[in-house]
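Secondary and tertiary structure notes
The primary structure of each chain is shown beneath.
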Amino acid sequence: MERQPTEEVGGRMRARRTADKPETAAPLIPSRPTIEKLQQVARNCRACPLWKTGTQTVFGEGSRHAQVVFVGEQPGNDEDLAGKPFVGPAGKLLDKALVEAGIDRDEVYVTNAVKHFKWEPSGKRRIHKKPNSREIAACRPWLEAELEVLKPKVLICLGATAAQALIAKNFKVSQQRGELIESDLAENVMATVHPSSILRAPDDDTRHAEMARFVADLKKVAAVIHGLKR
């Protein structure tokens, strides 16, 4: 059996990170990136182990001139199979909420903090599993590159994973949703719930109430967008 190389750190020996086990996608980011270049290169990303179980990389998609970027957690089962973000039930709910809020879906860009579907089996189904900090960190260069190319005026984090990855590790969506936050990422940054959380509501009344709150958050985004166009 081949011995794994080691190195001394702080007086202790530990396994050395090897070239075939990268910890970040950073070396894959092309110089002078475009969304098209990033999409193409990301297809072969192996920066974290999720490439082994995901069907394919699911990169961001939308208008190349988008002033608004929505960032979710990770692709789900439908997105993993289709290779496109936000095309499953949560994506359809997002589309409906955008219409109700008065935001043109064709003018936004949607992506995820993690580009591969993390799942665990449940019978014949593949059930979503929350990505860990290593997986989020490994994928972050893709997200940073997307934002650098697009330079959005408005950045919306959908759910805790996206908000904690981009805004602050201790960010609480339940307490700070719908608030405009100062950030170097964009002129206007906001977080709200991920639409999948609405689908998980225990009953119709709760689901309708949560949808109304979600639309109310997106109407604040719409007001910011309309302000940009003046």
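Residues numbered from 1 in each chain as written. Predicted model: local features only at pLDDT ≥ 70, side-chain atom pairs only at ≥ 80, totals over all residues. Heavy atoms only, no water.

To continue, consider the nonpolar core. Note on soluble globular proteins: their nonpolar side chains tend to be buried together. By size, the foremost hydrophobic cluster in this structure holds 58 residues, and its most contacted members are Phe-70, Ile-103, Phe-214, Leu-218 and Val-221. When near neighbours in sequence (up to four residues on either side) are disregarded, Leu-218 contacts Phe-70, Leu-94, Ala-97, Leu-98, Ala-101 and Ile-103. (Core = buried A, V, L, I, M, F, W, Y, C linked by side-chain atoms within 4.5 Å. Buried < 20%, exposed > 50% of the residue type's maximum accessible area, 1.4 Å probe, protein only. Contact = heavy atoms within 4.5 Å.)

Okay, helix α8 (residues 204-228) next. In a regular helix each residue adds 1.5 Å, so 25 residues correspond to 36 Å; α8 covers 36 Å between its end C-alpha atoms and thus fits that length. Within the sequence span of α8, burial applies to Met-211, Phe-214, Val-215, Asp-217, Leu-218, Val-221, Ala-222, Val-224 and Ile-225. Against the buried residues of α8 lie β4 (68-72), α3 (89-101), β8 (154-158), β9 (188-192) and α7 (195-199). (Helix = DSSP H or I, 4+ residues; strand = E, 2+ residues; numbered from the N terminus. Expected span 1.5 Å × (residues − 1).)

The next point concerns the packing of helix α1 (residues 35-42) against helix α4 (residues 133-150). With their axes 10 Å apart at the nearest point, α1 and α4 run at an angle of 165° to one another. The orientation of α1 with respect to α4, classified from their angle, is roughly antiparallel. Viewed along their axes, α1 and α4 form a crossing whose handedness is left-handed. Counting all contacts with α1, which are made through Ile-35, Leu-38, Val-41 and Ala-42, the residues of α4 involved are Trp-142, Ala-145, Glu-146, Val-149 and Leu-150. Along the lines of polarity and charge, the residues of the contact of α1 with α4 split into eight nonpolar, no polar and one charged. (Axes fitted to C-alpha atoms, helices over the stretch in contact; angles between N-to-C directions. Parallel < 35°, antiparallel > 145°, perpendicular 65-115°, else oblique. Left-handed = near helix turned anticlockwise from the far one by under 90°. Nonpolar A, V, L, I, M, F, W, Y, C, P; charged D, E, K, R; others polar.)

Below, the discussion takes up the sheet that holds strand β5 (residues 108-112). A sheet is described by the order of its strands in space; here five strands give the open sequence β3-β5-β4-β8-β9, paired in mixed fashion. This sheet does not close on itself; its edge strands, each paired only once, are β3 (61-62) and β9. As judged from the four bridges shared by β4 and β8, these two strands associate in the parallel manner. Residue Val-69 lies in a different strand from β8, and its bridge partner there is Leu-155. Against the sheet, α8 makes contact with β4, β8 and β9, and its axis sits at roughly 170° relative to β9, the strand it touches most. (Pairing = 2+ DSSP bridges.)

As a further point, take the environment of Ala-186. Along the chain, Ala-186 falls in the loop between α6 (173-176) and β9. Classification of Ala-186 by relative accessible area gives buried; the value is 9%. Ala-186 sits 51 residues away from Glu-135 along the chain, and the two C-alpha atoms are 24 Å apart. Not counting residues within four places of it along the chain, the set of residues in contact with Ala-186 comprises Pro-152, Lys-153, Val-154 and Leu-155.

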